[in-house]
Amino acid sequence: AVATVNKYGRITAVGEGKCTVTVVSADNSAVSAQFSVTVNAPVKIEPTYIDGILIVNKSYPLPSDYNPGTNPEAKQALDEMFAAAAGDGLTMRVVSGFRSYTTQKNLYNKYVRRDGAAKADTYSARPGFSEHQTGLAFDINKANDSFVGTPEALWLAANAYKYGFILRYPEGKESITGYQFEPWHYRYVGKERALKIYESGLTVEEYYGITSCYK
């Protein structure tokens with residue numbers, strides 16, 4: 001009722017409570033060991049809002065069933081921003097927008113298999129900890145270092161706040177945001193808040209006095 005054990009000794013939680021697992025040597029039944037197992041009730045995760053903004057980073061996760069799709073207000077603002085960029089002779093497109101918990105889980109696990117967890121954690125969020133799950137974040141044009149310093153990247157850095165977007169992971173703030181510099185990742189927070197954060201020169205973490213680190 002509390003836990004099961006397979007033939008390899010892997011213990012799997014089944015239900016809340018406590019139990020004891022006893023291991024006996026196949027060669028000598030007089031040799032044994034016992035392990036106490038405690039299964040706690042699952043922790044219910046609730047979305048965190050500060051100043052009316054949904055906060056998602058390495059310290060503030062979303063529940064696995066949070067599945068809003070792309071936010072309509074953010075999408076409208078994005079379209080306006082892209083139209084303005086087009087007026088300046090630039091072409092922009094979304095390469096990654098809303099991602100479900102499952103999609104992020106598969107993506108993160110792929111990166112872990114390729115680069116290891118420590119490296120993957122510098123550029124990819126664990127499932128439940130991605131801003132893309134909010135439906136308010138967008139990767140624009142190219143989600144890799146080839147986007148750095150391009151006319152589009154420079155235009156976004158100088159103008160995105162006018163449409164309610166902030167550069168979420170600035171250069172030089174890696175130890176604060178928990179992620180590498182991503183000039184393609186923009187988060188919608190509304191025009192008024194975007195202006196304040198842009199003028200402050202601070203990250204979301206600095207502006208609101210919060211951390212971004214996995215427990």
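Since this is a predicted model, take the numbers as computed values, not measurements.

Engineer: Outline the packing of aromatic side chains, listing residues and values.
Structural biologist: Within this structure, the stated rule accounts for 8 aromatic pairs. Both rings, one in F129 and one in Y214, keep their centres 5.1 Å apart while their planes meet at 90 degrees; by these two values the pair is edge-to-face. Note that F129 is positioned in the loop between α3 (117-120) and β8 (137-140) and Y214 in the segment after α7 (204-208), a separation of 85 residues in sequence. Judged by centre distance (4.9 Å) and plane angle (50 degrees), the rings of Y169 and Y179 are tilted. Taken together, the positions of Y169 in strand β9 (residues 165-169) and Y179 in the loop between α5 (174-177) and β10 (182-188) put the pair 10 residues apart, joining distant regions of the chain. A single burial state applies to Y169 and to Y179, both of which are buried. In this structure an aromatic cluster arises from ring pairing among F138, F165 and Y188. Here K58 stacks its cationic end above the ring of Y179, 4.6 Å away from the centre of that ring.

Engineer: Now, about the pattern of salt bridges: what can you tell me, with residues and values included?
Structural biologist: Counting across every chain of the model gives 11 salt bridges. Taking the shortest distance from any N to any O, the salt bridge between K75 and D79 comes out at 2.9 Å. With K75 and D79 both in helix α1 (residues 72-87) and 4 residues apart, the pair spans about one turn of that helix. Note on D79: relative accessible area 38%, which makes it partly exposed. In this structure, R99 engages D139 in a salt bridge whose closest nitrogen and oxygen atoms are separated by 3.3 Å. Taken as a pair, R99 in the loop between β7 (94-96) and α2 (101-115) and D139 in strand β8 lie far apart in primary sequence, 40 residues in all. The burial state of R99 is the same as that of D139; both residues are buried. Within this structure, E131, R168, R187 and E205 form a network of salt bridges that share partners.

Engineer: I'd like a rundown of the sheet that holds β7, residues and numbers included.
Structural biologist: Read across the sheet, 4 strands follow the order β7-β8-β10-β9 without closing on themselves; strand pairing throughout is antiparallel. Across the chains shown, the open sheet's two edge strands, defined by having one partner strand only, are β7 and β9. Ignoring which end each strand starts from, the neighbouring axes of this sheet average 50 degrees apart. Bridge count between β8 and β10: 3 bridges; the pairing is antiparallel.

Thresholds, definitions, all that
- Residues numbered from 1 in each chain as written.
- Predicted model: local features only at pLDDT ≥ 70, side-chain atom pairs only at ≥ 80, totals over all residues.
- Heavy atoms only, no water.
- Phe/Tyr/Trp six-rings, centres within 6.5 Å; stacked < 30°, edge-to-face > 60°.
- Helix = DSSP H or I, 4+ residues; strand = E, 2+ residues; numbered from the N terminus.
- Buried < 20%, exposed > 50% of the residue type's maximum accessible area, 1.4 Å probe, protein only.
- Lys NZ or Arg CZ within 6 Å of the ring centre and 35° of its normal.
- Salt bridge = Lys/Arg side-chain N within 4 Å of Asp/Glu carboxyl O.
- Pairing = 2+ DSSP bridges.
- Axes fitted to C-alpha atoms, helices over the stretch in contact; angles between N-to-C directions.

Function cannot be inferred from these measures alone, as they are strictly geometric.
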